[in-house]
Amino acid sequence: MRLFSFNLVPSFQFSLRTRQANIISAVKHVKKSRDQLYQEIEDPDRHQRLLEIQKQKQIEETNLYFQNHFANDQNPNNHIQVKIQPPRQSIQEYKQPLIIHKVKKPQKILIKGIRRNIHCSTTKVIPQAKMLIGQHIDRALEMCKQLQTKPGRYLYSALNMVKANARDRGHDEQLLYVHGIITGRLNRSQRIRYNAKGKGTQMIRQSSQVTVFLEEKPALEFFKDALRGKTTSILASYTRNQLVQTDANYDQVRALSGFLTAKGRQQQRLMLKRRILKQYREGKTSGRQISMKVIENQILESEAQKLVDEYQTRKVNKSKYSLQDRQTLYKRNEETNV
């Protein structure tokens, strides 16, 4: 039998420095026994097979470690055991079938208006138009006044025009919001700019147009936002002026305290959170757990509906009084003419 192998060749420790200053060192020779050498000669693939077995064992150990890890959600042993309390309602309440109706979203009421021949480029109009989207119409007009720029003046006139158009069509001004603003280019005008010494340069002016879309928000959604403490400051100032003009009493001012000032709106948000948390805890103790979002929607819908009814009655009474005033004025004019 041949006992020669490359492992018997003597090897020495040496190092070699390359141009990149890397050092290559030889591996230390491992002394093997006679039995090991016989096994390598008889079965040359044994070492590779042992390495594969060891590698497979390491993979199984790592998989087992990650399977038993506390952060693994797929392991059923890590699931939290929840104690479900049975509801206290009687079984007779669940005899009727549960019918789910798909409620369609109401279509948005949009009022459109176009303002042409704006002597500004779209690069100047677009940044100032973006700030107005989503704002109340009165708040947007106030922002255009404060801009004190040329595009701001054009946007103010466009919003005023669309607001007057909506008023003529019978829409409520207090429920109007800026839904969107579209800007577009129009004609270019070329002129000559005269300079000294008989020189001149070409001057190009870009004109544009603006299309404004106003949305009449439903009264229920408007008062829901008000109950969440999202009333705009301009509407708060209008309501304060109306209360001063009508000589409102203490009870009327107290009922609207959550809409008039910033502190009142903050208090409104805080009281709404407390009411939601209170009902959530009461339902949890009684055995019927409802999400906070559902409780919030229930509270907002019930209270917003009351405010909508009051708003509609106030609006009808105001129109009646204005009609009576017009009739009395008409009769007085007839008497004076006779």
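First, a word on scope: everything that follows refers to the structure included in this document.

Parameters at a glance
- Residues numbered from 1 in each chain as written.
- Predicted model: local features only at pLDDT ≥ 70, side-chain atom pairs only at ≥ 80, totals over all residues.
- Heavy atoms only, no water.
- Phe/Tyr/Trp six-rings, centres within 6.5 Å; stacked < 30°, edge-to-face > 60°.
- Buried < 20%, exposed > 50% of the residue type's maximum accessible area, 1.4 Å probe, protein only.
- Helix = DSSP H or I, 4+ residues; strand = E, 2+ residues; numbered from the N terminus.
- Lys NZ or Arg CZ within 6 Å of the ring centre and 35° of its normal.
- Pairing = 2+ DSSP bridges.
- Polar contact = N/O pair within 3.5 Å; in protein donor to acceptor, adjacent residues only side chain to side chain.
- Axes fitted to C-alpha atoms, helices over the stretch in contact; angles between N-to-C directions.
- Contact = heavy atoms within 4.5 Å.
- Core = buried A, V, L, I, M, F, W, Y, C linked by side-chain atoms within 4.5 Å.
- Expected span 1.5 Å × (residues − 1).
- Arc of directions from axis to C-beta.
- Patch = residues over 30% accessible without salt bridge, like charges linked within 9 Å, V, L, I, M, F, W, Y side chains within 5 Å.
- Areas by Shrake-Rupley, 256 points an atom, 1.4 Å probe, with all protein chains shown as cover.
- Salt bridge = Lys/Arg side-chain N within 4 Å of Asp/Glu carboxyl O.
- Lys, Arg positive; Asp, Glu negative; His and termini not counted.
- Charge placed at Lys NZ, Arg CZ, Asp CG, Glu CD.
- Parallel < 35°, antiparallel > 145°, perpendicular 65-115°, else oblique.
- Left-handed = near helix turned anticlockwise from the far one by under 90°.
- Nonpolar A, V, L, I, M, F, W, Y, C, P; charged D, E, K, R; others polar.

**Notes on the packing of aromatic side chains**
Stage number 1. Under the counting rule described, the total for this entry stands at three aromatic pairs.
Stage number 2. Plain terms: the ring middles of Y65 and F66 are 5.4 Å apart, the flat faces sit at 65 degrees to each other, and that makes the pair edge-to-face. Taken individually, Y65 and F66 each receive the classification exposed, so the pair is uniform in this respect.
Stage number 3. Note on F223 and Y311: the rings are 5.7 Å apart at their centroids and 65 degrees apart in plane angle, and the pair reads as edge-to-face. Highlighted residues: F223 in helix α6 (residues 219-227) and Y311 in helix α11 (residues 292-337), separated in sequence by 88 residues.
Stage number 4. Taken together, the aromatic side chains of F222, F223 and Y311 make up a single cluster linked through ring pairs.
Stage number 5. Directly above the ring of Y177 sits K217, whose terminal nitrogen or CZ lies 4.2 Å from the centroid.

**Side note on the pairing of strand β4 (residues 176-194)**
On a regular strand, one side chain projects to one face of the sheet and the next to the other, so that they alternate.
Stage number 1. Bridging between β4 and strand β5 (residues 200-216) involves 16 bridges; their strand directions are antiparallel. Across the sheet, the residue bridging to I192 is Q202, located in β5.
Stage number 2. Linkage of β4 to β5, two consecutive antiparallel strands, is achieved through a turn of five residues, within which K197 is found at a positive phi near 60 degrees.

**Comments concerning the side chain of Q128**
Stage number 1. Within the secondary structure, Q128 is located in helix α3 (residues 122-130).
Stage number 2. In this structure the side chain of Q128 is engaged in a polar contact, spanning 3.3 Å, whose partner is the backbone nitrogen of G152.

**Digging into the sheet that holds β5**
Stage number 1. Taken together, the three strands give an open sheet; going across it, the order is β3-β5-β4, and neighbouring strands pair in antiparallel fashion. Sheet topology places β3 (109-118) and β4 at the edges, where each strand pairs with a single neighbour. Strand-to-strand, the axes of this sheet are offset by a mean angle of 15 degrees, without reference to chain direction.
Stage number 2. In this fold helix α5 (residues 150-168) packs onto β3, β4 and β5, with an angle of close to 140 degrees to the strand it touches most, β3.

**As for the nonpolar core**
Stage number 1. In terms of nonpolar packing, the biggest core is built from 23 residues, with L132, L155, L159, V210, V212 and L214 touching the most fellow members.
Stage number 2. Of all the secondary structure elements, the ones that give two or more residues to this core are β3, α3, α4 (137-147), α5, β4 and β5.
Stage number 3. With six residues, the top contributor of residues to this core is α5.
Stage number 4. Other than its neighbours up to four places away in sequence, V212 contacts I111, K112, G113, A158, L159, V162 and G180.
Stage number 5. Counting 19 residues, the second largest nonpolar core, distinct from the first, contains F222, F223, L235 and L272.

**Some details on helix α10 (residues 262-286)**
Stage number 1. Taking 1.5 Å per residue as the helical rise, α10 with its 25 residues ought to reach 36 Å, and the 37 Å between its terminal C-alpha atoms agrees with that figure.
Stage number 2. By the burial criterion, the buried members of α10 are G264, R265, L272, I276, Y280 and G283.
Stage number 3. Looking one or two residues beyond α10, the residue adopting positive phi is G287, at roughly 100 degrees.

**Comments concerning α3**
Stage number 1. Here α3 has its buried residues at T122, V125, Q128 and A129. Relative to the axis of α3, the buried residues are bounded by an arc of 140 degrees and lie together on one face. Residues of α3 that are exposed and point over 90 degrees away from its buried face: T123, K124 and K130.
Stage number 2. Looking at the buried residues of α3, the elements they touch are α4, α5, β4 and β5.

**Comments concerning a positive patch on the surface**
Stage number 1. Side chains of K124, K150, R153, R191, R193 and R205 sit close together on the surface and give a patch of like positive charge.
Stage number 2. When contributions to the positive patch are tallied by element, the ones reaching two or more residues are α5 and β4.
Stage number 3. Relative to the helices and strands, K124 resides in helix α3.

**Some details on the packing of α3 against α5**
Stage number 1. Between α3 and α5, whose axes approach to 9 Å, the crossing angle comes to 60 degrees. The orientation of α3 relative to α5 falls into the category oblique. Two packed elements cross with a definite hand, and for α3 against α5 that hand is right-handed. Residues K124, V125, Q128 and A129 of α3 pack against P151, G152 and L155 of α5.
Stage number 2. Of the residues assigned to the contact of α3 with α5, the class counts are four nonpolar, two polar and one charged.

**Some remarks on the environment of N68**
Stage number 1. Residue position: N68 is located in the loop between α2 (46-67) and β3.
Stage number 2. Spatially, the C-alpha atoms of N68 and N78 are 8.4 Å apart, while their sequence positions differ by 10 residues.

**Here we look at the pairing of β5**
Stage number 1. Judged from the eight bridges that link them, β3 and β5 form a sheet pairing that is antiparallel. Opposite G113, over in β5, you have V212 as the bridge partner.

**Focus: the environment of K163**
Stage number 1. Following the sequence through the fold, K163 ends up in helix α5.
Stage number 2. By relative accessible area, which is 11% here, K163 ends up buried.
Stage number 3. With 52 residues separating them along the chain, K163 and I111 place their C-alpha atoms 8.6 Å apart.
Stage number 4. Excluding anything up to four places from it in sequence, K163 contacts I137, D138, L141, E173 and L214.

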